[in-house]
Amino acid sequence: TTTTELLQSIMTWNCVNKRKNLPITILFECGWSGERFPAPFTPPSPDTNDETALFGSATLQTAIQHVKPKIPALYLMEEHSTLQMTCGKNTMCGDEWETTMLCHFIYDDNVEEDVPIVTLEDGREAVVITLGDGSGIPSARKASVVTRCLGKGDTYG
């Protein structure tokens, strides 16, 4: 390897490590309804021990726990194994949320310009992560003919 390649490698690692330790605000957007929920909901206090703060080293599972009680559809999606989140070019299914850090999900395959960032009403900048795509919500799908017929309360057999 050349010196230039070595320096690029070091700069890349420094950049990733820097993002692991920085506080981050996420704006979860429901792909099926357009509703938006920031995580954390309020700006973290200047106290460095604020437990509501999210850092780049937090897992996707930790981040989603901030908003999961406000999005009941996530429970249905989890039950039917249709959990999915997208940020820029990156998409991650729910099975990988426990082991994937926010900083890797947001920045690994995305160029800086591909990361969707918005300014919240309180002035914080937040990275937009879209949950699902609308087709993964069980309640949004029409029940099959068999289910509709069996659901009428008739006795069969």
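Below, the structure is looked at part by part. (Residues numbered from 1 in each chain as written. Predicted model: local features only at pLDDT ≥ 70, side-chain atom pairs only at ≥ 80, totals over all residues. Heavy atoms only, no water.)

## Quick notes on the layout of surface pockets
Next up, step 1: Considering only enclosed or pocket space, the largest pocket measures out at about 210 Å³ in volume.
Next up, step 2: Lining the largest pocket are Arg19, Leu22, Pro23, Ile24, Thr25, Gly56, Cys103, Tyr107, Ile117, Glu125, Ala126 and Val127.
Next up, step 3: Split into classes, the residues belonging to the lining of the largest pocket amount to eight nonpolar, two polar and two charged.
Next up, step 4: Of the pockets and cavities examined, the second largest pocket occupies roughly 150 Å³.
Next up, step 5: Along the walls of the second largest pocket sit Leu27, Arg36, Pro38, Phe41, Val118, Thr119, Leu120, Glu121, Asp122 and Arg124, which together make up its complete lining.
Next up, step 6: Listing elements by their share of the lining of the second largest pocket, those giving two or more residues are β2 (36–39) and β5 (117–119). (1 Å grid on protein atoms, 1.4 Å probe; cavity = no way out; pocket = protein on both sides within 12 Å on 5 of 7 lines; lining within 4 Å. Points joined across faces, edges and corners; volume = space filled by probe spheres on them. Nonpolar A, V, L, I, M, F, W, Y, C, P; charged D, E, K, R; others polar. Helix = DSSP H or I, 4+ residues; strand = E, 2+ residues; numbered from the N terminus.)

## Describing the environment of Val127
Next up, step 1: Mapped onto the fold, Val127 is located in strand β6 (residues 125–131).
Next up, step 2: For Val127, a relative accessible area of 5% gives the class buried.
Next up, step 3: Sequence spacing of Val127 and Ile26 is 101 residues, and the spatial spacing of their C-alpha atoms is 4.9 Å.
Next up, step 4: For Val127, the contacting residues outside a window of four places in its chain are Ile24, Thr25, Ile26, Leu27, Cys87, Ile106, Tyr107, Val115, Pro116 and Ile117. (Buried < 20%, exposed > 50% of the residue type's maximum accessible area, 1.4 Å probe, protein only. Contact = heavy atoms within 4.5 Å.)

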